[in-house]
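In case you want the letters, here they are:
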Amino acid sequence: METTQQGGEPGAGERRRRELLEAADRVVLRDGPKASMNAIAAEAGITKPILYRHFGDKAGLYQALAVRHTDALLDSLRAALDAPAERRRRVESTLDTYLAAIEARPQVYRFLMHPAEDSHAERGFDVGLHSAPLLRRLGEELAQVIGERVDLGPGGERLARIWGHGIVGMMHAAGDWWLGERPCERAELVAGLTDLLWGRLSTAGNRRDGPGF
């Protein structure tokens, strides 16, 4: 069990887990979807059974890495949404933040979203079973941000969830295509996606009881 020392400092178990995740990150940056438990254990200087003791299996390690990277991405997206700028500029900045993140660490993105051809070889690991909840989490988080900031009228909470999941689906699909083919500069993709989103969002008012958008 992970422990936390008095005063909020991480205990030995939590520090060790963080070290193992950092070792896993280094292997994922190098190998992408083909990152194996054997390679991660070797990078960390431990045996695979010890790695299993911390994470259970590759699915457990994947989930821990997904939480780590999703938390960081969500922090960046919230910062972009709340930056002091005109609304369209914040929409552009938020889209650009997502695309810049997957562009900066494409191997991490591929590990989280695309299975290696031999992924079935490691204890039945199926990345598809785990990437869908990751996208749903992003959708729910974005829906909450929209609902808190924009007055969408009757049924606004439901519409915010529609928008949140729809925007995440659009970012994911467009970003995946763009990262694979690089058909245009990132700025052109951001502008095009912003144009697509801008319709009703440009005319919606801010919620009186919210932080505004």
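Here goes a summary of the coordinates provided. Please read these numbers as outputs of a predicted model, since none were measured by experiment. (Residues numbered from 1 in each chain as written. Predicted model: local features only at pLDDT ≥ 70, side-chain atom pairs only at ≥ 80, totals over all residues. Heavy atoms only, no water.)

Description of the pattern of salt bridges
- Under the defined criterion, the tally for this structure stands at 16 salt bridges.
- Across the pair E141 and R78 runs a salt bridge, and its minimum N-O distance is 2.6 Å. With E141 in helix α7 (residues 128-149) and R78 in helix α4 (residues 58-81), this residue pair connects regions lying 63 residues apart in the sequence.
- Taking relative accessible area as the criterion, R78 reaches 32% and is therefore assigned partly exposed.
- Note that R88 and D195 form a salt bridge whose closest N and O atoms lie 2.6 Å from each other. Taken together, the residues R88 in helix α5 (residues 87-104) and D195 in helix α9 (residues 186-201) connect sequence positions 107 residues apart.
- One connected set of salt bridges, linked through shared partners, spans R88, R89, E92 and D195. (Salt bridge = Lys/Arg side-chain N within 4 Å of Asp/Glu carboxyl O. Helix = DSSP H or I, 4+ residues; strand = E, 2+ residues; numbered from the N terminus. Buried < 20%, exposed > 50% of the residue type's maximum accessible area, 1.4 Å probe, protein only.)

Structural notes on empty space enclosed by the protein
- Per the counting criterion, the structure on display carries three cavities of 30 Å³ or more.
- Roughly 170 Å³ of internal volume is contained in the largest cavity.
- Of all the elements in the fold, those that place two or more residues in the lining of the largest cavity are α5, α7, α8 (156-181) and α9.
- Residues belonging to the lining of the largest cavity are distributed by class as follows: 13 nonpolar, one polar and no charged. (1 Å grid on protein atoms, 1.4 Å probe; cavity = no way out; pocket = protein on both sides within 12 Å on 5 of 7 lines; lining within 4 Å. Points joined across faces, edges and corners; volume = space filled by probe spheres on them. Nonpolar A, V, L, I, M, F, W, Y, C, P; charged D, E, K, R; others polar.)

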